[in-house]
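# Structural overview
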Amino acid sequence: METIKTTLRIAGIVKESIVDGPGIRLVVFAQGCKRRCPGCHNPQTHPFDGGKIININEILEMIDRNPLIDGITLSGGEPFEQAEAFAVLAEKVKEKGLNVMTYTGYTFEEIMKNLNTKAGWERLLKASDILVDGRFIQEERDLTLKFRGSKNQRIIDVKKSIENNRVEIILI
Ligand code: SF4
């Protein structure tokens, strides 16, 4: 029998944000990231033994308590390092009619290449409406960019990109 992962290790939650994607969003910051991008804004999220453990039901209850929320943003840390549990959360959020935006240090192409080898990657990708991909590159940092830190990062329409087999960028 498949064991469903229902706990996440998180660095924190912001219950209402207007800067982490379109509309009003609840943001979950994953704990744990291997990349160590120079200039990373959230270095406290890097250790895989930091943060705290939370059951995804607690997050779903927070969402239910706020009728103003348009969607959820998964940020980091690196959500794809805990893809199975984040996929379960994302799928349940979508069942509520809300949208999902996921930040990752991996590129869309890297994720596509590893869909069948990394647990939960396919589910998390497919449950994400929008993917903001790629590591933070200090030399490409641009404060005028909306919803991303450096120019290399792309805001991607996941469904369209999978259908068309090429990266479809959302111009925001
Ligand atoms: S991928 Fe994101 S969380 Fe990880 S080091 Fe880079 S900027 Fe920081």
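Attention here is on the structure that accompanies the text. Computed from a predicted model, the values in this text were never measured in an experiment.

## Some thoughts on the nonpolar core
- Counting residues in each nonpolar core, the largest one holds 36 residues, and the members touching the most others are Leu8, Val28, Ile59, Ile72, Leu74 and Leu89.
- If you list the elements that add at least two residues to this core, you get β1 (7-17), β2 (25-30), α1 (56-64), β4 (71-75), α2 (83-95), α3 (108-113) and α4 (121-127).
- Per-element accounting of this core gives the leading share, 8 residues, to α2.
- Contact partners of Leu8, with chain neighbours within four places excluded, come to Lys52, Ile53, Ile54, Ile56, Ile59, Gln82, Ala85, Phe86 and Leu89.

## Things to note about unusual backbone geometry
- The peptide bond linking Gly76 to Gly77 adopts the cis configuration, its omega dihedral lying at -5 degrees.
- Relative to the elements of secondary structure, Gly77 occurs in the loop between β4 and α2.
- Even without a glycine there, the phi angle at Phe147 is positive, about 65 degrees.
- Positionally, Phe147 belongs in the loop between β6 (130-133) and β7 (154-157).
- A positive phi angle, near 55 degrees, is found at Asn165, a position not held by glycine.
- Structurally, Asn165 can be placed in the segment after α5 (158-164).

## Notes on the packing of α1 against α2
- Two numbers describe how α1 lies on α2: the axes approach to 10 Å, and their chain directions differ by 25 degrees. Considering the angle they form, α1 stands roughly parallel to α2. With respect to the hand of their crossing, α1 and α2 are arranged in right-handed fashion. Where α1 abuts α2, its residues Ile56, Ile59, Leu60 and Ile63 lie against Ala85, Val88, Leu89, Lys92 and Val93.

## Section: the side chain of Ser161
- Take Ser161: it is sitting in helix α5.
- Among the residues examined, Ser161 registers a relative accessible area of 1% and is labelled buried.
- At 2.8 Å, the side chain of Ser161 and the backbone nitrogen of Glu168 are in polar contact.
- Sequence-distant contacts of Ser161, defined by excluding residues within four places in its chain, comprise Phe108, Ile156, Arg166, Val167 and Glu168.

## Some thoughts on the site of the ligand
- Around the ligand sit Cys33, Arg35, Arg36, Cys37, Cys40, His46, Gly77, Gly105 and Phe136, and those are all the residues in its vicinity.
- Among the detected pockets, the ligand sits in the largest pocket.
- When grouped by side-chain class, the residues that make up the shell around the ligand number 4 nonpolar, 3 polar and 2 charged.

## Digging into the sheet that holds β6
- Sheet architecture is open: 7 strands sit in the order β3-β1-β2-β4-β5-β6-β7, paired in mixed fashion. Each edge of the open sheet carries a strand with a single partner, namely β3 (52-55) and β7. Taken over all neighbouring pairs, the strand axes of this sheet differ in orientation by 30 degrees on average, direction set aside.
- As paired elements, β1 and β3 share 4 bridges and run antiparallel to each other. In the strand pairing of β3, Arg9 is matched with Ile53.
- α1 contacts β1, β2, β3 and β4 of the sheet and is inclined by roughly 65 degrees relative to β3.
- Docked against the sheet, α2 engages β1, β2, β4 and β5 (99-103), running at close to 165 degrees with respect to β4.

Each value, and the rule that gives it
- Every residue gets a number counted from 1 within its own chain, in the order that chain's sequence is written.
- Thresholds applied to this predicted model are a pLDDT of at least 70 for local features of residues and 80 or more for the giving and counting of side-chain atom pairs; totals over whole chains, interfaces and linings are not thresholded and use all residues.
- Think of the side-chain values as coming from all heavy atoms in the structure, minus any hydrogens and water.
- By nonpolar core we mean a set of buried residues, namely Ala, Val, Leu, Ile, Met, Phe, Trp, Tyr and Cys, connected to one another through side-chain atoms within 4.5 Å.
- Between buried and exposed lies partly exposed: a residue is buried under 20% and exposed over 50% of the maximum accessible area for its type, with that area taken using a 1.4 Å probe on protein chains only.
- Helix numbers and strand numbers start at the N terminus; a helix is a DSSP run of H or I with at least 4 residues, a strand a run of E with at least 2.
- We call two residues in contact when some of their heavy atoms are within 4.5 Å.
- Note on geometry: axes are C-alpha line fits, over the in-contact stretch for helices, and angles between N-to-C directions span 0 to 180 degrees.
- Note on angle classes: values under 35 degrees are labelled roughly parallel, values over 145 roughly antiparallel, values of 65 to 115 roughly perpendicular, and the remainder oblique.
- Note on convention: near helix rotated counterclockwise from far helix by under a right angle means a left-handed crossing. Clockwise means right-handed.
- The definition of a polar contact used here is a pair of N or O atoms within 3.5 Å, where within protein one atom must be able to donate a hydrogen and the other to accept one, and adjacent residues in sequence count solely through side-chain atom pairs.
- One heavy atom suffices: a residue is near a molecule or strand as soon as one of its heavy atoms comes within 4 Å of it.
- Grid points spaced at 1 Å over the protein atoms alone were grouped into cavities, where a 1.4 Å probe fits but cannot get out, and pockets, open sets with protein on both sides within 12 Å along at least five of seven lines, with lining residues defined by an atom within 4 Å of a point.
- Throughout, a molecule is located in a cavity or pocket provided that more than half of its atoms lie within 2 Å of its grid points.
- Three classes are used: nonpolar for Ala, Val, Leu, Ile, Met, Phe, Trp, Tyr, Cys and Pro, charged for Asp, Glu, Lys and Arg, and polar for all others, with Gly counted as polar.
- A pair of strands is labelled paired if DSSP reports no fewer than 2 bridges between them.

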